[in-house]
Amino acid sequence: IQGFNQEFGCKFLGSTNTVINPEVLRTLLTKNADPIFYDLKDRLRIWEKPIDDAQYVLGVDPAKGTGEHFSTIQILRVDSKVPVEMKQVAVFEDNLTDVYEFSQIIHRLSIYYNNAYILCENNGEGSSVVGQLWWNWENENLVNTGAKAINLGIRSNKNTKPKAVLLMKKLIEDGSIQLYDRETIEQLGSYIEEEGKFFGKDKDDDLVDALFWGCYVFEMNVMADEWKFKTDQKEDDAWGILSDIEDDIDDWSWLTNSSVFDH
């Protein structure tokens, strides 16, 4: 294990608060691959150019562009929704790109990748980015939480971020996302949950943030088709006595009040 960590420059925590299972991360690292080419002065790493009629999603995490946090974009190809299957095709990463140039890059990449959906965090400097995308570039592929200007993009809060992170975790551990970018995988290896917060402990986490927002497209109801996990629970035996519960129940108080859970 030590030699493996030295070779790939990533030491997995392996603790109970690591978001992604360390064994899954080790498997992902064995499948990383070099980009087929670089663009935008090496800020954009590309594994695949757009395929005709394919559907793409851009997960976006903006930063100020002052040399601190990185502005990142994860471009994912959606191959299937039932079950979900996605492939990482390109990654943008830079900490010196200002919000105005960054919004233009997002806009152009969205068009280039078949008018891809854009899921962009609007916190902080993100509000300037989504404002540029919506009002200046008039990009109708921007996914918004509401119709008002304050609801442009996706708000990161105690409700949306955990949902996005846990959805990403499920999809990665199911093998539903093919990841090739080694830096993304290494950031996942440092990404932990601690006291209800998700963050990178030993590395930056900006690529992870963009990745989970890309996954969040399935929670935003912008795709007409239904979607399902690869490993949806289907065997009643696995649920034991809970298999007798009807699926259309509206009152879920039994989940916390039932004596079944008192033991």
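About the cut-offs
- Residues numbered from 1 in each chain as written.
- Predicted model: local features only at pLDDT ≥ 70, side-chain atom pairs only at ≥ 80, totals over all residues.
- Heavy atoms only, no water.
- Phe/Tyr/Trp six-rings, centres within 6.5 Å; stacked < 30°, edge-to-face > 60°.
- Helix = DSSP H or I, 4+ residues; strand = E, 2+ residues; numbered from the N terminus.
- Buried < 20%, exposed > 50% of the residue type's maximum accessible area, 1.4 Å probe, protein only.
- Pairing = 2+ DSSP bridges.
- Axes fitted to C-alpha atoms, helices over the stretch in contact; angles between N-to-C directions.
- Parallel < 35°, antiparallel > 145°, perpendicular 65-115°, else oblique.
- Left-handed = near helix turned anticlockwise from the far one by under 90°.
- Contact = heavy atoms within 4.5 Å.
- Nonpolar A, V, L, I, M, F, W, Y, C, P; charged D, E, K, R; others polar.

Colleague: Tell me about the packing of aromatic side chains, residues and numbers included.
Modeller: The description of two aromatic rings rests on the distance between their centres and on the angle between their planes. Tallying each qualifying case throughout the model produces seven aromatic pairs. Ring geometry for Phe92 against Phe102: centres 5.6 Å apart, planes inclined by 35°, an arrangement best described as tilted. Placement of Phe92 in strand β5 (residues 84-94) and of Phe102 in helix α3 (residues 99-112) is noted, with a sequence separation of ten residues between them. Given the relative accessible area of 0%, Phe102 is considered buried. Between Phe218 and Trp227, the aromatic rings sit 5.3 Å apart at their centres with planes inclined by 40°, giving tilted as the arrangement. Classification of Trp227 as partly exposed rests on a relative accessible area of 25%. Through successive ring pairs, a cluster of aromatic residues spans Tyr56, Tyr112 and Tyr113.

Colleague: Describe the pairing of strand β4 (residues 71-81), with residues and values.
Modeller: It is a general feature of regular strands that their side chains alternate between the two faces of the sheet. The element β4 is largely enclosed, with a buried count of ten among its eleven residues. Bridging between β4 and β5 involves ten bridges; their strand directions are antiparallel. Residue Val78 lies in a different strand from β5, and its bridge partner there is Met86. Once β4 ends, the chain turns through two residues before running back antiparallel as β5.

Colleague: Which residues make up the packing of helix α2 (residues 22-30) against helix α6 (residues 182-189), and what values do they have?
Modeller: For the pair α2 and α6, the least separation of the axes is 10 Å and the interaxial angle reads 165°. In terms of orientation, α2 lies roughly antiparallel with respect to α6. Remark: the crossing between α2 and α6 carries left-handed chirality. Touching Leu25, Leu28 and Leu29 of α2 are Arg182, Ile185, Glu186, Leu188 and Gly189, all from α6. Across the contact of α2 with α6, the residue classes break down as five nonpolar, one polar and two charged.

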